[in-house]
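Report on the structure
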Amino acid sequence: MTEVLIPSDATIVEIAQEVWSSILEDAGELTSVFGFDEKHETAVLAFIEITGNWHGSVRISCSVQAAKHIAAGMFGKSEIDVEDDELSDAVGEFTNIIGGNIKALFPSPCNLSLPGVAGIGSFADNLPPGLEDKISEVQVVEVHLEWEGEPLSIGLWENK
Amino acid sequence: MKVLVVDDSKAMRMIVTRSLRQIGLPDLVLEEAGTGMEAIKVVSDFSPDLILADWNMPGMTGYELLLELKSQGYVGKYGFITTEASDEMKSMATQAGANCFVTKPFTPEILTEALQGIL
């Protein structure tokens, strides 16, 4: 049986910071923090599934302002001009890249689903559309980051 | 040089096209497609010298697009810009005729290095 090591918090933070600075114009600093109130309002939730030698999902939540910063940085426009479909597209692609880099840490073969971006809420409150069947997944890693005080968290959930 | 960028994410198409402009390819003309099927239509009209495609797309993957275009006689260069970077996938892509493989996230410098080898 293939041995699977779960990536450390530090590895996930390193991936997030590299993706953040590589793909966003005027990215700003994404810093690791010890924790924040997960009940922040109007959070944007995104996820992507990994199957194969490891089975679970990468789930990202962030404030709307952080999501707008991601979209603005990817589209090269100001945050105020970001349209809703651009926000969803950008956060989905951000999740896709984070998920792909995490997937690469697991032994092959592993497959990546297409990303999903689910509306507003918190993973702590309920499972968004697309994740209803993931009720049995258990969180194995969670990191908290901030950009200019705006929260962004990345969780790794394993299908046990 | 005529380049077709294929990715289901408009944001990623924007990043790739911005990077291509930054690296200064001569006489650059860009086209975009959001799906493999759309890309096939664009190729017949646009005749790109280079196609840069995502691997993981809904409907038709970038790999399936490569196979289809090769079966239709496409002779230009083909590269992947993707999060999917396992050795197995790189091997499949190379055997199908892909010329380069760039892993997201990438910088213009990384893209330049990948393209220098094939252009």
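Residues numbered from 1 in each chain as written. Chains lettered and ligands numbered in written order. Predicted model: local features only at pLDDT ≥ 70, side-chain atom pairs only at ≥ 80, totals over all residues. Heavy atoms only, no water.

Things to note about the interface of chain B and chain A
This is how it is decided: For this analysis, residues touch if any pair of their heavy atoms sits within 4.5 Å. Here the quantity called buried area is the total loss of accessible area, with a 1.4 Å probe, experienced by two parts when brought into contact, counted for both. Any Lys or Arg side-chain nitrogen found within 4 Å of a carboxyl oxygen on Asp or Glu counts as a salt bridge. Any pair of nitrogen or oxygen atoms within 3.5 Å is treated as a polar contact; in protein, a donor-acceptor pairing is required on top of that, and neighbouring residues in sequence qualify only through side-chain atoms on both sides. Starting at the N terminus, helices and strands are each numbered in turn, a helix being any DSSP run of H or I of at least four residues and a strand any DSSP run of E of at least two. Put simply, Ala, Val, Leu, Ile, Met, Phe, Trp, Tyr, Cys and Pro go in the nonpolar bin, Asp, Glu, Lys and Arg in the charged bin, and everything else, Gly too, in the polar bin.
Taken residue by residue, the interface counts 20 residues in chain B and 22 residues in chain A. At the boundary of chain B with chain A, total buried surface from both sides reaches about 1700 Å², with 52% on carbon and sulfur atoms. A per-residue breakdown of the area chain B buries against chain A is headed by Arg18(B), Thr83(B) and Pro105(B), which together make up 31% of the total. Put simply, chain B and chain A have 3 salt bridges between them. Across the pair Lys10(B) and Glu86(A) runs a salt bridge whose closest N-O atoms are separated by 3.5 Å. Taken together, the links from chain B to chain A amount to 10 residue pairs in polar contact (both at pLDDT 80 or more). Of all the elements in the fold, those that place two or more residues in the side of chain B that touches chain A are helix H1 (10–23) and helix H4 (87–96) of chain B. Looking at the side of chain B that touches chain A, its residues break down into 9 nonpolar, 4 polar and 7 charged.

Observations regarding the sheet that holds strand S4 (residues 77–82) of chain B
Residues and elements named next belong to chain B. Applicable threshold: DSSP bridges decide pairing: two strands pair if at least two such bridges lie between them. To get an axis, fit a line to the C-alpha atoms, keeping to the stretch in contact for a helix; angles then go from 0 to 180 degrees between the N-to-C directions.
With parallel pairing, the 5 strands of this open sheet are ordered in space as S2-S1-S3-S4-S5. In this open sheet, the two strands that pair with only one neighbour each are strand S2 (29–33) and strand S5 (100–103). Neighbour-to-neighbour, the strand axes of this sheet turn through a mean angle of 20 degrees, independent of strand direction. Of the strands in this sheet, strand S3 (50–53), S4 and S5 are in contact with helix H5 (residues 108–116), which crosses S5 at around 170 degrees.

With respect to the pairing of S2(B)
Residues and elements named next belong to chain B. To keep it simple, the criterion reads: A clockwise course of the path from the first strand over the helix to the second, judged with the strands pointing away from the viewer, identifies a crossover as right-handed.
One ladder, built from 5 bridges, connects strand S1 (residues 2–6) with S2; its direction is parallel. Each residue of the ladder has a partner; that of Val-6, found in S2, is Ala-33. Handedness of the crossover joining S1 and S2 through H1: right-handed.

Things to note about the packing of aromatic side chains
Residue and element names in this part refer to chain A. Selection criterion: Pairing of aromatic side chains requires ring centres within 6.5 Å, counting the rings of Phe and Tyr and the six-membered ring of Trp. Pairs whose planes differ by under 30 degrees are stacked, by over 60 edge-to-face, and all others tilted. Accessibility here uses a 1.4 Å probe with only protein chains present; expressed as a share of the type maximum, an area under 20% marks a residue as buried, one over 50% as exposed, and anything in between as partly exposed.
In total, this model carries 8 aromatic pairs over all chains according to the counting rule given. On the numbers, 6.1 Å between centres and 80 degrees between planes, the contact of Trp-20 with Phe-94 is edge-to-face. With a gap of 74 residues between them, Trp-20 in helix H1 (residues 9–23) and Phe-94 in helix H3 (residues 84–103) connect regions that are remote in the sequence. The interplanar angle of 50 degrees and the centroid separation of 6.5 Å between the aromatic rings of Trp-20 and Trp-147 together place this pair among those described as tilted. Here Trp-20, found in helix H1, pairs with Trp-147, found in strand S6 (residues 137–147); they are 127 residues apart in sequence, far enough to count as distant. Side by side, Trp-20 and Trp-147 carry an identical accessibility label, which is buried.

Section: the pattern of salt bridges
Enumeration according to the criterion identifies 9 salt bridges over all chains in this entry. Notably, a salt bridge pairs Glu93(A) with Lys104(B), separated by 2.7 Å at the nearest N-O pair. Of this pair, Glu93(A) sits in helix H3 while Lys104(B) sits in the loop between S5 and H5, which puts the two residues in different chains. Each of the two residues, Glu93(A) as well as Lys104(B), counts as buried. Measuring nitrogen to oxygen at the nearest pair gives 3.2 Å for the salt bridge that ties Asp7(B) to Lys104(B). With Asp7(B) in the loop between S1 and H1 and Lys104(B) in the loop between S5 and H5, this residue pair connects regions lying 97 residues apart in the sequence. Like Lys104(B), Asp7(B) is buried. Members of the salt-bridge network, linked through shared partners, are Glu93(A), Asp7(B), Asp54(B) and Lys104(B).

With respect to the confidence of the model for chain A
Filter applied, for reference: Every residue is assigned a pLDDT by the predictor, reflecting its confidence on a scale from 0 to 100.
The pLDDT averaged across chain A works out to 86; a share of 83% of its residues lies at or above 70. Here strand S5 (residues 116–120) of chain A stands out as the least confident element of chain A, with mean pLDDT 76; H1(A) is the most confident, with 95.

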